[in-house]
Amino acid sequence: MIDTIYIEKEINDSPKTIQILRKFKNARKISIDRYGEIFNRKNQNFRVQKIKPNLILARKHKGFVLPTPEGFGIGDQKNFYFSHMYNCIYDCSYCFLQGMYSSANYLIFVNFEDFKREIKGVMERNLGESITFFSGYDCDSVAMESVTNFINDFIPTFRGHDNALIELRTKSAQTRIFEKLEPISNCVIAYSLMPEELAGKLDKKAPSVSLRISAMKKLSAMGWKIGLRFDPLIYSDNWKIKYQSLFKEIYSEIKEESIHSVSLGSLRFPKTYFNKIFSYHRQEEVFSRLDINGGNLVSYDKDLESEMNTFCKNELLKYCNENKVFHCYS
Amino acid sequence: MSKIDRKNSVRWVIALMPEAIPIIRALRLIKISRNLSFPIYSDEVGEHWLTVSGLGQNNIAAATKCLFETSSADKTSIWINVGIAGSKTFNLGELVFIDKVTSNISGKSLYPYSIPNLKIENRSELITVNSPEREFGSDGVYDMEGFSFFEVTSKLSSIEIILILKIVSDGPGSDLSKIHKDKISTLIETKIPTLLRLLPTVFSISKNLKDQILLPKNFEDICKVRKFTFSQRVTLKKLLHQWHARKPSKNLLKNISVLKTSSRIIKFMEEELNRS
């Protein structure tokens with residue numbers, strides 16, 4: 001439950017604001033000029049705020065759709081991302097948002113129409129090329145659907161634009177919204193996954209991996225395309241056995257043809273993000289094997305990183321074609 | 001890394017002596033005898049400190065800085081401003097938690113953190129004015145210090161542990177000259193149990209912040225028995241974090257007690273961690 005909602009004055013009367021506020025009738029509403037007054041201020045603590053985040057409703061003014069960093073993609077010629085929301089209801093120990101933002105409050109940009117206009121513009125400027133739009137880089141695309149109505153609003157924008165793919169990245173086990181929509185072939189519901197034992201320790205407040213697999217199974221049966229995202233790969237005792245068992249479980253539940261793509265990525269952070277995240281989770285074993293590798297990057301030892309990527313890729317190739325497997329290194 | 005005290009640390013900044021007296025009594029504070037610009041009080045163990053600033057924004061800003069320096073507060077210290085305020089919305093004697101504070105002069109607003117589970121029903125905007133308010137144009141509560149208090153303390157401490165709490169003393173039509181100092185003390189006194197009940201919640205936030213910056217366990221013990229260079233201390237901190245996360249063997253201090261040099265301690269820890 002949200003206790004406090006900060007609302008930018010200029011979007012006070014926007015339909016999306018009104019729609020969201022209807023769900024939080026008892027919350028205290030505080031009027032603000034710009035979201036940065038709350039979200040970007042100094043001397044605030046992400047970890048403390050994460051105990052009970054507040055909600056900020058704001059208008060995004062520019063940068064609705066941005067090119068992805070190099071090394072981020074699932075096969076298309078051009079890759080973009082957009083973020084209608086910053087932060088997430090889950091509390092994953094390794095989440096890079098903790099290092100990127102100083103506030104754990106949920107920030108929703110309510111001007112969805114501007115995002116959709118820009119997405120259509122990108123589609124029109126890139127006719128004849130294959131494009132992927134990634135959502136869920138700065139938030140979980142599905143987890144806050146009951147509040148944002150994001151999927152319901154955005155899926156129609158992609159219907160009929162077969163050269164443009166949308167990836168919805170999530171750990172949510174909610175399937176209700178997709179049950180209400182007609183599946184489209186250019187939407188990938190991409191699930192972040194790791195062995196159950198690790199997820200139990202690290203993916204706090206997120207649905208278990210078995211629930212995520214059940215959701216994938218249900219959605220794939222309905223005709224939605226599924227993405228498997230093993231990013232980050234996490235080292236632990238017996239990691240090979242754990243990942244082998246996870247891949248086996250997934251492919252025993254979901255038909256290979258329902259799986260659009262698989263991506264792998266190492267646990268890695270820019271140094272400044274890592275320092276912040278580490279201060280929040282000093283006792284987590286997951287961070288105790290990371291070190292500065294190559295200037296500004298904190299990651300596993302290069303040999304270990306390579307071994308994990310190679311092993312997992314080879315294991316996945318027992319179940320799927322190589323052209324579906326991507327390595328994310330950005 | 002600045003030295004962070006493990007004990008609870010609260011700094012009370014109060015405008016008027018009649019407001020301060022009930023808090024001084026409740027916390028058994030004693031005036032410290034140094035010659036300072038503002039009267040400063042502390043308890044025996046140095047957990048609670050209090051200053052009386054006098055009316056107005058300039059006074060509270062100066063008193064807050066003075067208390068910060070005198071009491072060796074750090075960025076995990078809790079700062080609380082309690083005082084009387086005027087309102088047309090809330091009833092006389094009601095306690096109000098402030099989650100927005102606006103300067104009537106500049107029009108600028110600041111936003112104290114909405115501390116979860118604080119169990120204060122009344123929440124409001126505070127409008128800080130330069131002279132006693134008589135018109136009460138806004139639904140918020142009115143004081144003469146809050147904005148400046150928050151502006152200063154938010155540079156000294158984490159915003160999650162800065163509180164402004166107001167107790168309504170007057171409203172439209174009140175004759176301010178009739179608010180006697182005894183009445184002010186009574187208004188505060190009545191709310192002392194509530195104020196004290198809030199503290200454990202804020203202490204737990206402060207502890208959370210301390211845990212994020214305290215040196216790793218055993219660091220100081222090890223540095224006491226062997227001499228480490230600056231770069232060795234950096235390495236030792238990293239290794240200790242790894243050690244306590246992975247626990248390759250149970251008793252680190254016992255294991256390293258036989259090692260005669262800092263280099264050997266570091267080498268031993270690295271080898272043990274590589275094995276784990």
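In this text, all values refer to a predicted model and were calculated from it rather than measured experimentally. (Residues numbered from 1 in each chain as written. Chains lettered and ligands numbered in written order. Predicted model: local features only at pLDDT ≥ 70, side-chain atom pairs only at ≥ 80, totals over all residues. Heavy atoms only, no water.)

> Would you mind showing me how to read the environment of Ser174 of chain B here?
Residue and element names in this part refer to chain B. Within the element layout of this structure, Ser174 appears in the loop between β10 (162–170) and α4 (181–213). Given a relative accessible area of 30%, Ser174 falls into the partly exposed group. Here the alpha-carbon distance between Ser174 and Asn104, two residues 70 residues apart in the chain, equals 20 Å. From its side chain, Ser174 meets the backbone nitrogen of Gly171 in a polar contact 2.8 Å long. (Helix = DSSP H or I, 4+ residues; strand = E, 2+ residues; numbered from the N terminus. Buried < 20%, exposed > 50% of the residue type's maximum accessible area, 1.4 Å probe, protein only. Polar contact = N/O pair within 3.5 Å; in protein donor to acceptor, adjacent residues only side chain to side chain.)

> Explanation requested: the packing of aromatic side chains in the structure shown.
Note on aromatic pairs: each is described by the distance of the centres and the angle between the planes. Residues and elements named next belong to chain A. Enumeration according to the criterion identifies 34 aromatic pairs over all chains in this entry. Taken together, a centroid distance of 5.5 Å and an interplanar angle of 70° make the contact between Phe133 and Phe158 edge-to-face. A residue pair is termed long-range when its members are at least 10 positions apart, and Phe133 in strand β9 (residues 131–135) and Phe158 in helix α7 (residues 150–158) qualify at 25 residues. Using a relative accessible area of 0% as the deciding quantity, one classes Phe158 as buried. Centroid distance Phe274 to Phe278: 5.6 Å. Interplanar angle 15°. Geometry classified as stacked. Residue Phe274 and its partner Phe278 are both found in helix α12 (residues 271–280); the two are separated by four residues, about one turn of the helix. For Phe274, a relative accessible area of 10% puts it in the buried group. Through a chain of ring-to-ring contacts, three or more aromatic side chains come together here, namely Phe64, Phe82, Phe112, Phe115, Phe150 and Phe154. In this structure, Lys60 packs its charged tip against the face of Phe109, placed 4.8 Å from the ring centre. (Phe/Tyr/Trp six-rings, centres within 6.5 Å; stacked < 30°, edge-to-face > 60°. Lys NZ or Arg CZ within 6 Å of the ring centre and 35° of its normal.)

> Sorry, what's going on with the pairing of strand β10 (residues 164–170) of chain A here?
Look at any regular strand and the pattern is simple: side chains alternate between the two faces of the sheet. Residues and elements named next belong to chain A. Among the seven residues of β10, seven are classified as buried, and the element is accordingly described as predominantly covered. Inspection of the sheet shows β9 paired to β10 by five bridges, in the parallel sense. Each bridged residue has a counterpart across the sheet, and for Thr132 the counterpart in β10 is Leu165. (Pairing = 2+ DSSP bridges.)

> Is there a simple way to explain the sheet that holds strand β3 (residues 55–58) of chain A in this structure?
Strands pair in a sheet through their backbones, by hydrogen bonds, and they do so in one of two ways: parallel or antiparallel. All names here are of chain A. Across the sheet, five strands lie side by side as β2-β1-β3-β8-β6; this open sheet has mixed pairing. In this open sheet, the two strands that pair with only one neighbour each are β2 (28–32) and β6 (85–86). In this sheet, strand β8 (residues 106–109) lies alongside β6 in antiparallel orientation, the contact comprising two bridges. Opposite Met85, over in β8, you have Ile108 as the bridge partner.

> Sorry if this is basic, but what is going on with empty space enclosed by the protein here?
Taking a probe equal in size to a water molecule and rolling it over the atoms shows the remaining empty space. Residue and element names in this part refer to chain A. Taken as a whole and judged by the stated rule, the model has one cavity of 30 Å³ or more. The computed volume of the largest cavity comes to approximately 50 Å³. Around the largest cavity, the lining residues are Phe72, Gly73, Ile74, Phe134, Glu167, Arg169, Arg229, Asp231, Ser263 and Cys328. Residue assignment for the lining of the largest cavity shows that the elements contributing at least two residues are β10 and β13 (225–233). Considering only residue class, the lining of the largest cavity consists of four nonpolar, two polar and four charged. (1 Å grid on protein atoms, 1.4 Å probe; cavity = no way out; pocket = protein on both sides within 12 Å on 5 of 7 lines; lining within 4 Å. Points joined across faces, edges and corners; volume = space filled by probe spheres on them. Nonpolar A, V, L, I, M, F, W, Y, C, P; charged D, E, K, R; others polar.)

> Got a minute to help me understand the domain arrangement of chain B in this structure?
Size of an interface, as often reported, equals the accessible area lost when the parts are brought together. As assigned here, chain B comprises domain 1 (10–213) and domain 2 (219–275). Domain 1 of chain B and domain 2 of chain B are separated by 45 Å when their C-alpha centres are compared. (Domains from an automatic or database assignment.)

> I keep staring at the layout of surface pockets and nothing clicks. Help me out?
Residue and element names in this part refer to chain A. In this structure, the second largest pocket encloses a volume near 940 Å³. Together, 43 residues line the second largest pocket, and Cys95, Phe96, Leu97, Tyr137 and Asp231 are the ones closest to its centre. Among the secondary structure elements, those contributing two or more residues to the lining of the second largest pocket are α3 (46–50), β7 (91–92), α4 (97–100), β9, β10, β13 and β15 (268–270). For the lining of the second largest pocket, a count of residues per class yields 24 nonpolar, eight polar and eleven charged.

> Help me out: how do you make sense of the packing of helix α5 (residues 112–125) of chain A against α7 of chain A in this one?
All names here are of chain A. It is the contact of α5 with α7, at a shortest axis distance of 10 Å, that shows an interaxial angle of 25°. Judged on the interaxial angle alone, α7 and α5 are roughly parallel. The chirality of how α5 crosses α7 is right-handed. Only Phe150, Asp153, Phe154, Thr157 and Phe158 of α7 make contact with α5, whose side of the interface consists of Phe112, Phe115, Lys116, Ile119, Lys120 and Met123. The residue makeup of the contact of α5 with α7, split by class, is seven nonpolar, one polar and three charged. (Axes fitted to C-alpha atoms, helices over the stretch in contact; angles between N-to-C directions. Parallel < 35°, antiparallel > 145°, perpendicular 65-115°, else oblique. Left-handed = near helix turned anticlockwise from the far one by under 90°. Contact = heavy atoms within 4.5 Å.)

> Is there a simple way to explain the environment of Cys92 of chain A in this structure?
Residue and element names in this part refer to chain A. Note on placement: Cys92 falls in strand β7. For the pair Cys92 and Lys204, spaced 112 residues apart in sequence, the C-alpha to C-alpha distance is 5.3 Å. Look past the residues within four positions of Cys92 in its chain and what remains in contact with it is Gln98, Lys171, Leu202, Asp203 and Lys204.

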